[in-house]
Amino acid sequence: MLLRSGILTSSEGEAVAVDNATALSGFVFVCEHASSTLPASAGTLGLSAEALSSHIAWDPGALAVGKMLATKLDGTLVHQRFSRLLYDCNRPPESPAAMPEKSEIYEIPGNRDLTPAERYARTAAFYVPFHDQVSREIARVVESGRQPVVVTVHSFTPVYFGKQREVEIGVLHDADSRLADAMLDASSGGAYRVERNSPYGPEDGVTHSLRLHAIPYGHPNVMIEVRNDLISNTVDQEIMADHLAALIVKAIDVVGTA
Ligand SMILES: [Zn+2]
């Protein structure tokens, strides 16, 4: 049976999942690109198996690191259960990148010439419930008298358009750089090559979730991008999550929220 969106079946379940919903800290972790799963109704979007498992479909390793961070810092994690190829939840509906016809070197035939009804159905199926859930989790923190801290967790491909990327961890921010500044300060001299607004920045439209959920309300926020070759197995994911958790804790001490 198709759910009301006409995209997901009831056996495929909800678009959004929440981990650690009873967390006691103010951290709300967000993973928009957690999954490469396509619902049956989407077919393959005309893509090869290689493209469907590549970074254009999801952020490899990001969900695992997000879950570890939520556990280590007693935060909540909201994650999307389906591929960003259908809807990129870190983009608003009016953005061409929300349902991209092309991603890096890959054409996406199944996203070509979408009708307004198709665009609306995808928005209703993936984007709206996702951001409603993030809003609810932030509201729960506020109602409990704590200060929400919004941290989005991503990974990026080491090779983009054939070019090797040297940055290992990107600390990204938009207009409110408090948490990012403190994380960058805490990173200096550390084990990884950490850069501000790299390999993307707000000019690339990647701070949508921060702009939607944190900046208008003054909630400290940051977007973390980890090069995905550094988080390709559980051992490395634990090492990275420990490193990021320590950075976040140091930064929160400076920013002065919990
Ligand atoms: Zn991402």
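Look above for the structure.
Figured I'd write up the structure that's included with this text.

About the thresholds
Residues numbered from 1 in each chain as written. Predicted model: local features only at pLDDT ≥ 70, side-chain atom pairs only at ≥ 80, totals over all residues. Heavy atoms only, no water. Helix = DSSP H or I, 4+ residues; strand = E, 2+ residues; numbered from the N terminus. Rg over C-alpha atoms; globule rule 2.2 N^0.38 Å. Buried < 20%, exposed > 50% of the residue type's maximum accessible area, 1.4 Å probe, protein only. Contact = heavy atoms within 4.5 Å. Phe/Tyr/Trp six-rings, centres within 6.5 Å; stacked < 30°, edge-to-face > 60°. Lys NZ or Arg CZ within 6 Å of the ring centre and 35° of its normal. Expected span 1.5 Å × (residues − 1). Bend = angle between axes of the 7 residues up to and from the residue. Pairing = 2+ DSSP bridges. Donors = N, O, S within 2.8 Å, 3.2 Å for Na, K, Ca; no water. Axes fitted to C-alpha atoms, helices over the stretch in contact; angles between N-to-C directions. Parallel < 35°, antiparallel > 145°, perpendicular 65-115°, else oblique. Left-handed = near helix turned anticlockwise from the far one by under 90°. Nonpolar A, V, L, I, M, F, W, Y, C, P; charged D, E, K, R; others polar. Disulfide = S-S within 2.5 Å.

### What to know about the overall build of the protein
And then number 1: Helix and strand counts for the protein stand at six helices and 11 strands.
And then number 2: The C-alpha atoms of the protein give a radius of gyration of 18 Å, which matches the 18 Å a tight globule of 258 residues would have.
And then number 3: Its C-alpha atoms give the protein principal-axis dimensions of roughly 50 × 45 × 35 Å.
And then number 4: Looking at the 258 residues of the protein, the share that counts as buried comes to 56%.
And then number 5: Of the contacts formed within the protein by residues at least 6 apart in sequence, a portion of 80% connects residues at least 24 apart.

### A word on the packing of aromatic side chains
And then number 1: Within this structure, the stated rule accounts for five aromatic pairs.
And then number 2: Ring centres of Phe27 and Phe29 lie 5.7 Å apart, and the angle between their planes is 20°; this geometry places the pair in the stacked category.
And then number 3: A relative accessible area of 7% places Phe27 in the buried class.
And then number 4: The exposure class of Phe29 is buried, given its relative accessible area of 0%.
And then number 5: Between the aromatic rings of Tyr160 and Phe161, the centroid separation amounts to 4.8 Å while the plane-to-plane angle is 75°, which identifies the pairing as edge-to-face.
And then number 6: Judged by its relative accessible area of 26%, Tyr160 is partly exposed.
And then number 7: Grouped by ring-pair contacts, the aromatic residues Tyr160, Phe161 and Tyr200 constitute a single cluster.
And then number 8: The ring of Tyr160 carries the charged tip of Arg165 above its face, separated from the ring centre by 4.2 Å.

### Some details on helix H3 (residues 116-143)
And then number 1: With 28 residues, H3 ought to run about 40 Å at 1.5 Å a step, and its terminal C-alpha atoms sit 37 Å apart, in line with that.
And then number 2: At Ala124, H3 is bent by approximately 40°, the largest bend along its length.
And then number 3: Two residues or fewer after H3 comes Gly145, characterised by a positive phi angle close to 85°.

### Notes on the pairing of strand S6 (residues 149-156)
And then number 1: The element S6 is extensively covered by neighbouring structure, given that eight of its eight residues are classed as buried.
And then number 2: Where burial is concerned, the two faces of S6 agree: the one with Val149, Val151, Val153 and Ser155 and the one with Val150, Thr152, His154 and Phe156 are both buried.
And then number 3: As paired strands, strand S2 (residues 27-31) and S6 are joined by four bridges and run parallel to one another. In the strand pairing of S6, Val28 is matched with Val150.
And then number 4: Relative to strand S11 (residues 221-227), S6 is paired through seven bridges, and the arrangement is parallel. By the bridge assignment, Val153 is partnered in S11 with Ile224.

### Examining the coordination of the zinc ion
And then number 1: With distances of 2.0 to 2.1 Å, the protein atoms coordinating the zinc ion are His33 (ND1), Asp59 (OD) and His154 (ND1).
And then number 2: Donor residues binding the zinc ion come from one chain and are separated in sequence as H-x25-D-x94-H. A residue pair is termed long-range when its members are at least 10 positions apart, and His33 in the loop between S2 and helix H1 (49-52) and His154 in strand S6 qualify at 121 residues. Like His33, the residue His154 is buried in the burial classification.

### So, the packing of helix H2 (residues 62-72) against helix H6 (residues 234-255)
And then number 1: Where H2 meets H6, the closest approach of the two axes is 9 Å, and the angle between their N-to-C directions is 50°. Considered as vectors, H2 and H6 are oriented oblique to each other. The chirality of how H2 crosses H6 is right-handed. Residues Ala64, Val65, Met68, Leu69 and Lys72 of H2 lie in contact with H6, whose contacting residues are Thr234, Gln237, Glu238, Ala241, Asp242, Leu244, Ala245 and Ile248.
And then number 2: Looking at side-chain class alone, the contact of H2 with H6 contains eight nonpolar, two polar and three charged residues.

### Looking at the state of the cysteines
And then number 1: Per the counting criterion, the structure on display carries zero disulfides.
And then number 2: Cys31 forms no disulfide, and the closest cysteine sulfur to it belongs to Cys89, at a distance of 11 Å.

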